[in-house]
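The chain contents come next:
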Amino acid sequence: MALATSPSPRRVIPGTPVYDGQAAMKGYALNAMCYSFNSQDNREAYRADPDAYCERFHLTPEQREACKSLNVMAMLNAGGNVYYLAKLAGIYHLNVQDIGAQQTGMSLEAFKAMLLAQGAN
Amino acid sequence: MATVIGGYFTSHVPGIGHAIARGLKQDAYWKPFFDGLLPVQRWLADKKPDVAVVFYNDHGLNFFLDKMPTFAVGAAATYRNADEGWGLPVQNSFDGHQALSWHLIESLVNDEFDITTCQEMLVDHAVVVPFQLAYPDASHWPVKIVPIAINTVQHPLPSAKRCLALGRAVGKALASWGGDEKIVVMGTGGLSHQLEGGRAGFINKDYDQFCLDHLGPDPDALTKHSALDIVELAGSQGIEIVNWIAARGALGSGALVQKTRNYHIPISNTAAATLVLEPAA
């Protein structure tokens, strides 16, 4: 009997990562590191030496590179969950509008204007 | 006999907490949202609830992916707020109502809801911000709380249908509670918004209005969509509407009156809303 190696097919919602079991398996180390950033001491330890901190949490090379470049889309692709990634972004004083602009390739001003325009309709 | 005075529903965007901390309530960007809370403040001042049962979702303060309960019921004596990592001032702790918590837990498990019980539970902005909005001048929180966390982080998420059923079971438990407290039910979060991916910034006014129109009179209408349908319709974090749906369930099957309703785009990346429903006289 063949063993199933992957879960049931995923539903694709354009532009929308669904944080399912596959993502959870891939991203555990990265998310665990980000969860530790609820502590001020840990945020400072990361800021002081990001490589050493990533090493402590056994991040994959892909995850380390994504963190180093502060590329949110790359973090998501490496299994990051946005609720936890927001804590890493916070270390760099990036809020959800900053990361929204980054992910959509807009300037911050254009991203904010896009949101305001939705309220004007 | 305990009385359920009604339901208070509002968004819990962290940016609201920052705006409060920076004194921006009258700022043109924030005023349309904050003004929507004034009727809520008056309603609570009039009704004076003793206890709040709060349906919300944790954002990685209390729960990590190592153990992620679908439904978690607080049974703590005290619920502390704590550092979430991005600079929100830590707010006062809440007193729990342990006897009511255990009554709810007994009743829910008896009704075959396989919940997680938490005797220690940090509460994040999703609990704290709605209380800051409701009681802006409070030196301590005037109500005891029973927090009920719904997983909106790790898919598969519970369906809207299941969340409504959970809420109805909570309402049934509240009806059989022997205390004489006045209880307010709260649902926090939403409405449509999405933080991550190429669709970051997505808002869906039509779906939000559908939710606001139907939540009171016909909550089952909101359960025709699966969790993933709602993610598509409302955005990844718009799924937080399930907290509202569960809270609506706890208000029972009697007719409800809409006391106030406010809807404003945008607060940060979010379509923000505030609603109060109370039992018809």
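Our subject is the structure that appears above.
On a predicted model such as this, the values are computed, not experimentally measured, just so you know.

Observations concerning helix α8 (residues 227-234) of chain B
Along an α-helix, a turn takes 3.6 residues, which lines up residues three or four apart on a common side.
Residue and element names in this part refer to chain B.
Here's step 1: All of the buried residues along α8 are Ala227, Ile230, Val231 and Ala234. One face of α8 carries all of its buried residues, which in axial projection span an arc of 105°.
Here's step 2: Where α8 is buried, its residues meet α6 (160-175), α7 (205-214) and α9 (241-249).
Here's step 3: Just beyond α8, the residue with positive phi is glycine 235, at close to 90°.

Examining the packing of helix α1 (residues 21-35) of chain A against helix α6 (residues 82-91) of chain A
Residues and elements named next belong to chain A.
Here's step 1: Two elements in contact, α1 and α6, have axes separated by 8 Å at closest approach and are oriented at 55°. Regarding the angle of α1 to α6, the classification is oblique. As for how α1 packs across α6, the hand of that crossing is left-handed. Contacts between α1 and α6 involve Leu30, Asn31, Cys34 and Tyr35 from the former and Tyr84, Leu85, Lys87 and Leu88 from the latter.
Here's step 2: When grouped by side-chain class, the residues that make up the contact of α1 with α6 number 6 nonpolar, 1 polar and 1 charged.

A look at the pairing of strand β10 (residues 270-279) of chain B
Residues and elements named next belong to chain B.
Here's step 1: Most of β10 sits out of view: 9 of its 10 residues are buried.
Here's step 2: Where strand β1 (residues 3-10) lies against β10, 4 bridges are found, and the strand directions are antiparallel. Bridged to threonine 10 within β10 is threonine 274.
Here's step 3: Across 9 bridges, strand β9 (residues 256-267) lies against β10 in antiparallel orientation.

Some thoughts on the side chain of arginine 199 of chain B
Here's step 1: Structurally, arginine 199 of chain B is set in the loop between β8 (182-188) and α7.
Here's step 2: A distance of 3.0 Å separates the side chain of arginine 199 of chain B from the side chain of threonine 16 of chain A, its partner in a polar contact.
Here's step 3: Ignoring any residue separated from it by four or fewer positions in sequence, one finds arginine 199 of chain B in contact with Ile13, Pro14, Gly15 and Thr16 of chain A together with Gln194, Val231, Glu232 and Gly235 of chain B.

Topic: the sheet that holds β1 of chain B
All names here are of chain B.
Here's step 1: The strand order across the open sheet built from 8 strands is β6-β3-β7-β2-β8-β1-β10-β9, with neighbouring strands paired in mixed fashion. Bordering the open sheet on either side are β6 (116-118) and β9, each of which pairs with just one other strand. On average, each strand axis in the sheet is inclined to that of its neighbour by 15°, with strand direction left out of account.
Here's step 2: Packing against the sheet, α7 makes contact with β9 and β10, and its axis sits at approximately 165° to β9.
Here's step 3: Where α9 meets the sheet, its contacts fall on β1, β2 (51-56), β7 (144-150), β8, β9 and β10, and the angle it forms with β8 comes to roughly 155°.

Details of the nonpolar core
Residue and element names in this part refer to chain B.
Here's step 1: If you look at the biggest cluster of nonpolar residues, it comprises 63 residues, and the most contacted ones within it are Phe55, Val170, Ile241 and Trp244.
Here's step 2: For this core, the element with the most residues is α6, which contributes 8 residues.
Here's step 3: Excluding its chain neighbours within four sequence positions, the residues that come into contact with isoleucine 241 are Leu191, Tyr207, Cys211, Leu222 and Ile230.

Quick look at the interface of chain A and chain B
Here's step 1: Counting residues at the interface gives 41 residues for chain A and 41 residues for chain B.
Here's step 2: For the pair chain A and chain B, the two sides together bury roughly 3,400 Å², of which 57% comes from carbon and sulfur.
Here's step 3: Contact with chain B buries surface across chain A, with Arg11, Tyr83 and Tyr84 of chain A losing the most and accounting together for 19% of the total.
Here's step 4: At the surface where chain A touches chain B, the tally comes to 3 salt bridges.

Quick look at the pattern of salt bridges
Here's step 1: This model, assessed by the stated rule, comprises 13 salt bridges over all chains.
Here's step 2: For arginine 11 of chain A, the salt bridge goes to aspartate 229 of chain B, with nearest N and O atoms at 2.9 Å. Within this pair, whereas arginine 11 of chain A is found in the segment before α1, its partner aspartate 229 of chain B is found in helix α8, the two belonging to separate chains.
Here's step 3: When the shortest N-O distance is used, the salt bridge between arginine 11 of chain A and glutamate 232 of chain B registers 2.9 Å. On the criterion of chain membership, the pair formed by arginine 11 of chain A in the segment before α1 and glutamate 232 of chain B in helix α8 is interchain, its members lying in two chains.

Re the environment of leucine 65 of chain B
Here's step 1: Secondary-structure assignment places leucine 65 of chain B in the loop between β2 and β3 (71-74).
Here's step 2: Residues leucine 65 of chain B and arginine 248 of chain B, 183 residues apart in the sequence, show an inter-C-alpha distance of 28 Å.
Here's step 3: When residues no more than four places from it in sequence are discounted, the contact partners of leucine 65 of chain B are Tyr19, Tyr28, Asn31 and Tyr84 of chain A together with Val153 and Gln154 of chain B.

What counts, and at which threshold
As a convention, each chain's residues are numbered from 1 in the sequence order in which they are written. Whichever chain is written first becomes A and whichever ligand is written first becomes 1, with later ones labelled in order. With pLDDT at 70 or above as the cut-off, local features in this predicted model cover only qualifying residues; side-chain atom pairs require 80 or more to be listed or tallied, and sums for whole chains, interfaces and linings still use all residues. As a convention, hydrogens and water are excluded, and side-chain values are obtained from all of the structure's heavy atoms. Accessible area is worked out with a 1.4 Å probe on protein chains only. A residue is then buried under 20% of its type maximum, exposed over 50%, and partly exposed in between. Here a helix means four or more residues in a row that DSSP labels H or I, a strand means two or more in a row labelled E, and each is numbered from the N terminus. Each C-beta atom gives one direction from the helix axis, and the arc is the one those directions make. By definition in these notes, contact holds between two residues if any of their heavy atoms fall within 4.5 Å. Between N-to-C directions, angles span 0 to 180 degrees; the directions come from axes that are lines fitted to C-alpha atoms, helices contributing only their stretch in contact. Oblique is the label for any angle not under 35 degrees, not over 145, and not in the 65 to 115 range, which are roughly parallel, roughly antiparallel and roughly perpendicular in turn. By the definition used in this description, the sense in which the near helix is turned from the far one sets the handedness, with an anticlockwise turn below a right angle giving left-handed and a clockwise turn giving right-handed. Three categories are distinguished: nonpolar for Ala, Val, Leu, Ile, Met, Phe, Trp, Tyr, Cys and Pro, charged for Asp, Glu, Lys and Arg, and polar for the others, with Gly belonging to the last. If DSSP finds at least two bridges between two strands, the strands pair. Here a polar contact means two N or O atoms within 3.5 Å. Within protein one must be a hydrogen donor candidate and the other an acceptor candidate, and residues neighboring in sequence count only if both atoms are side-chain atoms. By nonpolar core is meant a set of buried Ala, Val, Leu, Ile, Met, Phe, Trp, Tyr and Cys residues that side-chain atoms within 4.5 Å join together. Summed over both partners, buried area is the accessible surface (1.4 Å probe) that two parts give up on being assembled. A pairing counts as a salt bridge when a side-chain nitrogen of Lys or Arg comes within 4 Å of a carboxyl oxygen of Asp or Glu.

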